[in-house]
Amino acid sequence: MPTSFNETIIEEFRANGGKVGGPFEGGDLLLLTTTGARSGTERTTPLGYVRHGELILLIGSALGAPSHPDWYHNLLAHPVVRVEIGTSTFQALAVPAEGDRRDELFAHAVKRAPGYGNYQARTDRVLPVVVLERADPEGWRPGEVRTLADKVMEVHTWLRGQLRQVAAEADAHFAGRADRRGPGEPPAPSLGLQIRQRCLAFCQALEFHHTSEDGHLFPGIARYHPHLGDTFARLDVEHRAVARIQTALVELLAGIAIAEPDRFRAELAQMSAELNAHLDYEEETIVPLLADVPWPPAPPAEAATGPS
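Please read these numbers as outputs of a predicted model, since none were measured by experiment.

## A few points about the pairing of strand β5 (residues 80-85)
Consideration 1: Inspection of the sheet shows strand β1 (residues 29-35) paired to β5 by 3 bridges, in the antiparallel sense. Among the inter-strand pairings, Leu 32 is bridged to a residue of β5, identified as Val 83.
Consideration 2: Two strands pair when backbone bridges link them, and β5 and strand β6 (residues 88-96) are joined in this way by 6 bridges, in the antiparallel orientation. Note on β6: the bridge partner recorded for Glu 84 is Thr 89.
Consideration 3: What sits between the antiparallel neighbours β5 and β6 is a turn of 2 residues, in which Gly 86 has the positive phi angle 60°.

Spelled out as structure tokens, the structure:
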């Protein structure tokens, strides 16, 4: 099968430390890897980008086509993306800008790369402006991980921090809504894409964590500690309870604009209470059992061979 144009660019990019020739030579180019909205398969796309201070901006131009590009639909479904710039690779949270902020950022992009203005003129749709933000919660600093207990605690700390940040952003949003309820004020906005993307990323990370525990970690511990049957039964019930709330949140987040922000806030508060209690219990009963298990695990020893 012949190599596609995008595949050729990707190969050249990775082989030359982020540098490519042809029509992209000298331009700001990155590789964006998203997860397919329907397929769940990773897709890598070469894209031009624009810097605005410390921000990295992507414009969903599709060369002025009438529909948003596939990578944009993918990041709405799976907000955490992988980015390659030069020789650096990192995860980012992809957040489409809204309202006045979108217009301001798009104007900046057009100043830096006037072609985006031409693409906008070709289509009736508003070209999305996507900001690549830190995927980790504010203030997150990974600690030293030597044991499986350390690793589990690192994940728990990340989840707690991400949940606090979602709650803080939601509180700030609701305070702004309250300020706009005076006579003659425009209607309050729906829950924003900033909160939607971070909350969806949190829900997907939590689902992955609990699936890993149920499928690998807990069965492995249970083999060595059969007396903890009641503990694992309780953890299973708690996983199911958290999953129900998580499903409700994801359903609320399914639309780009959230129609029921008050319900979202109530679901988020319940999630916070139940998840923190669950993590507390797991840290009390399970984590101490992992304190002597090295992490990362040692590679399996190669089979000894006799003399040739």
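On we go.
## Considerations on the pairing of strand β2 (residues 42-48)
Two faces, one strand: in a regular strand the side chains alternate between the faces of the sheet.
Consideration 1: Relative to β2, β1 is paired through 7 bridges, and the arrangement is antiparallel. Bridge pairing in β2 links Thr 34 to Arg 43.
Consideration 2: Linking β1 to β2, which pair antiparallel, is a turn of 6 residues; within it Gly 40 sits at a positive phi near 75°.

## Section: the pattern of salt bridges
Consideration 1: Following the criterion strictly, the structure yields 14 salt bridges and no others.
Consideration 2: Its salt-bridge partner being Arg 82, residue Glu 42 comes within 3.4 Å of it at the nearest N-O pair. Of this pair, Glu 42 sits in strand β2 while Arg 82 sits in strand β5, placing them 40 residues apart in sequence.
Consideration 3: Notably, a salt bridge pairs Glu 144 with Arg 146, separated by 2.8 Å at the nearest N-O pair.
Consideration 4: Residue class for Arg 146 comes out exposed when judged on its relative accessible area of 57%.
Consideration 5: The network of salt bridges with common partners includes Glu 133, Glu 169 and Arg 198.

## So, the packing of aromatic side chains
We describe a pair of aromatic rings using the distance from one ring centre to the other and the angle between the two ring planes.
Consideration 1: One pass over the full model with this rule turns up 4 aromatic pairs.
Consideration 2: Measuring from centroid to centroid gives 5.5 Å for Phe 218 and Phe 232, while their planes differ by 55°, and the two rings are tilted. Pair noted here: Phe 218 is in helix α6 (residues 193-224) and Phe 232 is in helix α7 (residues 229-252), with a separation of 14 residues, a long-range link. Phe 232 shares its class with Phe 218; the two are buried.
Consideration 3: The ring of Phe 106 carries the charged tip of Arg 102 above its face, separated from the ring centre by 4.4 Å.
Consideration 4: The aromatic ring of Tyr 281 is capped on one face by Arg 234, whose charged end is 3.6 Å from the ring centroid.

## Quick notes on unusual backbone geometry
Consideration 1: The linkage connecting Trp 295 with the following residue, Pro 296, adopts the cis geometry, with an omega of 0°.
Consideration 2: Within the secondary structure, Pro 296 is located in the segment after α8 (261-285).
Consideration 3: Phi at Ala 62 takes a positive value of approximately 50°, unusual for a residue other than glycine.
Consideration 4: Mapped onto the elements, Ala 62 comes out in the loop between β4 (55-59) and α2 (70-77).
Consideration 5: Take Ala 62: its relative accessible area is 31%, and that puts it in the partly exposed class.

## Some details on the sheet that holds β5
Consideration 1: Pairing is antiparallel across the open sheet formed by 7 strands, whose spatial order is β2-β1-β5-β6-β7-β4-β3. The sheet terminates laterally at β2 and β3 (50-52), the two strands that pair on one side only. For this sheet, the mean angle separating the axes of adjacent strands, direction not counted, is 35°.
Consideration 2: Relative to strand β7 (residues 129-134), β6 runs antiparallel, the two being bridged by 5 bridges.

## Some remarks on the confidence of the model for the chain
Predicted coordinates in areas of low pLDDT are best not read in detail.
Consideration 1: On average, residues of the chain score 90 in pLDDT, and 90% of them reach the 70 mark or higher.
Consideration 2: When mean pLDDT is taken per element in the chain, β5 scores highest with 98 and helix α5 (residues 148-179) scores lowest with 89.

The rules we used
Residues numbered from 1 in each chain as written. Predicted model: local features only at pLDDT ≥ 70, side-chain atom pairs only at ≥ 80, totals over all residues. Heavy atoms only, no water. Pairing = 2+ DSSP bridges. Helix = DSSP H or I, 4+ residues; strand = E, 2+ residues; numbered from the N terminus. Salt bridge = Lys/Arg side-chain N within 4 Å of Asp/Glu carboxyl O. Buried < 20%, exposed > 50% of the residue type's maximum accessible area, 1.4 Å probe, protein only. Phe/Tyr/Trp six-rings, centres within 6.5 Å; stacked < 30°, edge-to-face > 60°. Lys NZ or Arg CZ within 6 Å of the ring centre and 35° of its normal. Axes fitted to C-alpha atoms, helices over the stretch in contact; angles between N-to-C directions. pLDDT = per-residue confidence, 0-100.

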